Amino acid sequence: MSSRRSRSRQSSSGRITDQQIDDLMSKLQSLLHEARLGSHDRASAAKVLQDTCSYIRSLHREVDDLSERLSELLDAAGVSSDQAACIRSLFM
Amino acid sequence: MTISNGDGDSAAKDGRRERKRKRRAEPSLVKWKTEGEQKTYSSKLIEALRRVRRSSATGAASAATDHSRSRAVREAADRALAAAARGRTRWSRAILCGRTLKRRVLPRAGRPKPVGPARAAERSKPPALKTKARVLGRLVPGCRKLPLPSLLEEVSDYIAALEMQVRAMSVIAEALSAVGGAPSPAQTEGPI
């Protein structure tokens, strides 16, 4: 993978330059944000970090909401329905 | 799963033969998108949810607030997610160590920053970038003091794992709400 090669350049030089970090950053973040941000140029490293922070926070919020929903559902579900849900979701 | 592990191992061996330097294997992000990984995670999560339900049923029934139950669910989900990472990443190890790293407030008196020629390269980063990187490090468990390149690797793996967690939990929630029968009052049959 090309990211491995770029990392080898960093370690061999002993000094991690800004440029290499920026490269790594845009590469990683564009991988993750391809669905969200579209295909325009993300030049600013600060924006990338900012977006990543917001994205992680929104993911945390989603997980919290889902946890709340699951805890309510657990309360309501009977024993056999648990097993049915297990079987059902395994087949999904 | 073993096939992908084998591929990663052989690729790492080739790299090691070419370049003589120690390098830890990079966690691949692809596995978080595979259906098999999600199904494994879902079944582990359902087991954990059953334990939560059993423990909350035997304990104080109504005194167990919704908050404490949903927190228990959240922690079970996170622990199952960290276990799925197989100890390859810092965030997963931090979660499995009991999450104290994330919750605890480290006493920092003035942040002693060694200023000198050795740190010149780091100081070339604008302070705004450092602040944002620090915020990011706080969001990911166990990654507060990480230098930026390692932090970014952890972040990308963490995000991919979180996305899988959201997908798996949505599926389970749908399955449970379908089986439960009565539609819960808060939720409509809205877009999910």
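See the structure printed just above.
Colleague: If you had to explain the overall build of chain A to someone new, which residues and values would you point to?
Modeller: Counting its secondary structure elements, chain A contains five helices and zero strands. For chain A, the α and β elements follow one another from N to C terminus as α-α-α-α-α. As displayed, chain A has an accessible area near 5200 Å², and 51% of this comes from carbon and sulfur atoms.

Colleague: Please provide a residue-by-residue account of the overall build of chain B, values included.
Modeller: Summing up its helical and strand segments, chain B has eight helices and zero strands in all. N-terminal to C-terminal, the α/β element order of chain B is α-α-α-α-α-α-α-α. Here chain B, with 192 residues, has 35% of them falling under the buried criterion. Contacts spanning at least 24 positions in sequence make up 67% of the contacts within chain B whose residues lie at least 6 apart. For chain B, the accessible area works out to roughly 11500 Å², and carbon and sulfur atoms hold 56% of it.

Colleague: Please give an account of a negative patch on the surface that cites residues and values.
Modeller: Residue and element names in this part refer to chain A. On the surface, E62, D65, E68, E72 and D75 cluster together into a patch of negative charge. As for its position among the elements, E68 is in helix α4 (residues 45–76). Under the relative-accessibility criterion, E68 is labelled partly exposed at 37%.

Colleague: Summarise the packing of α4 of chain A against helix α7 (residues 127–139) of chain B; cite the residues concerned and give the values.
Modeller: With their axes 9 Å apart at the nearest point, α4 of chain A and α7 of chain B run at an angle of 20° to one another. One way to sum up the angle between α4 of chain A and α7 of chain B is to call them roughly parallel. Here α4 of chain A runs over α7 of chain B; the crossing is left-handed. Residue-level contacts link A45, A46, L49, Q50, T52, C53, I56, R57 and H60 of chain A of α4 of chain A to L129, K132, A133, V135, L136 and L139 of chain B of α7 of chain B. In terms of residue class, the contact of α4 of chain A with α7 of chain B is built from ten nonpolar, three polar and two charged.

Colleague: Can you tell me about the nonpolar core, naming the residues and giving the values?
Modeller: Counting residues in hydrophobic clusters, the biggest one holds 57 residues, and the most contacted among them are M25, I56 and L70 of chain A together with W32, Y41, L81 and W91 of chain B. The set of elements that each furnish at least two residues to this core consists of α2 (18–32) and α4 of chain A together with α2 (35–58), α3 (66–84), α4 (90–96), α7 and α8 (148–180) of chain B. Leave out the neighbours within four places in its chain, and Y41 of chain B touches A77, A80, L81, M164, Q165 and A168 of chain B.

Colleague: Let's hear about unusual backbone geometry: which residues, and what values?
Modeller: The phi dihedral of R86 of chain B is positive, around 60°, even though this residue is not glycine. By the element assignment, R86 of chain B lies in the loop between α3 and α4.

Colleague: Hey, could you go over the environment of D64 of chain A for me, with residue numbers and the actual values?
Modeller: Structurally, D64 of chain A is set in helix α4. Accessibility expressed as a relative area gives 34% for D64 of chain A, which makes it partly exposed. Looking at D64 of chain A, its side chain comes within polar contact range of the side chain of R74 of chain B, at 2.7 Å.

What counts and what doesn't
- Residues numbered from 1 in each chain as written.
- Chains lettered and ligands numbered in written order.
- Predicted model: local features only at pLDDT ≥ 70, side-chain atom pairs only at ≥ 80, totals over all residues.
- Heavy atoms only, no water.
- Helix = DSSP H or I, 4+ residues; strand = E, 2+ residues; numbered from the N terminus.
- Areas by Shrake-Rupley, 256 points an atom, 1.4 Å probe, with all protein chains shown as cover.
- Buried < 20%, exposed > 50% of the residue type's maximum accessible area, 1.4 Å probe, protein only.
- Contact = heavy atoms within 4.5 Å.
- Patch = residues over 30% accessible without salt bridge, like charges linked within 9 Å, V, L, I, M, F, W, Y side chains within 5 Å.
- Salt bridge = Lys/Arg side-chain N within 4 Å of Asp/Glu carboxyl O.
- Lys, Arg positive; Asp, Glu negative; His and termini not counted.
- Charge placed at Lys NZ, Arg CZ, Asp CG, Glu CD.
- Axes fitted to C-alpha atoms, helices over the stretch in contact; angles between N-to-C directions.
- Parallel < 35°, antiparallel > 145°, perpendicular 65-115°, else oblique.
- Left-handed = near helix turned anticlockwise from the far one by under 90°.
- Nonpolar A, V, L, I, M, F, W, Y, C, P; charged D, E, K, R; others polar.
- Core = buried A, V, L, I, M, F, W, Y, C linked by side-chain atoms within 4.5 Å.
- Polar contact = N/O pair within 3.5 Å; in protein donor to acceptor, adjacent residues only side chain to side chain.

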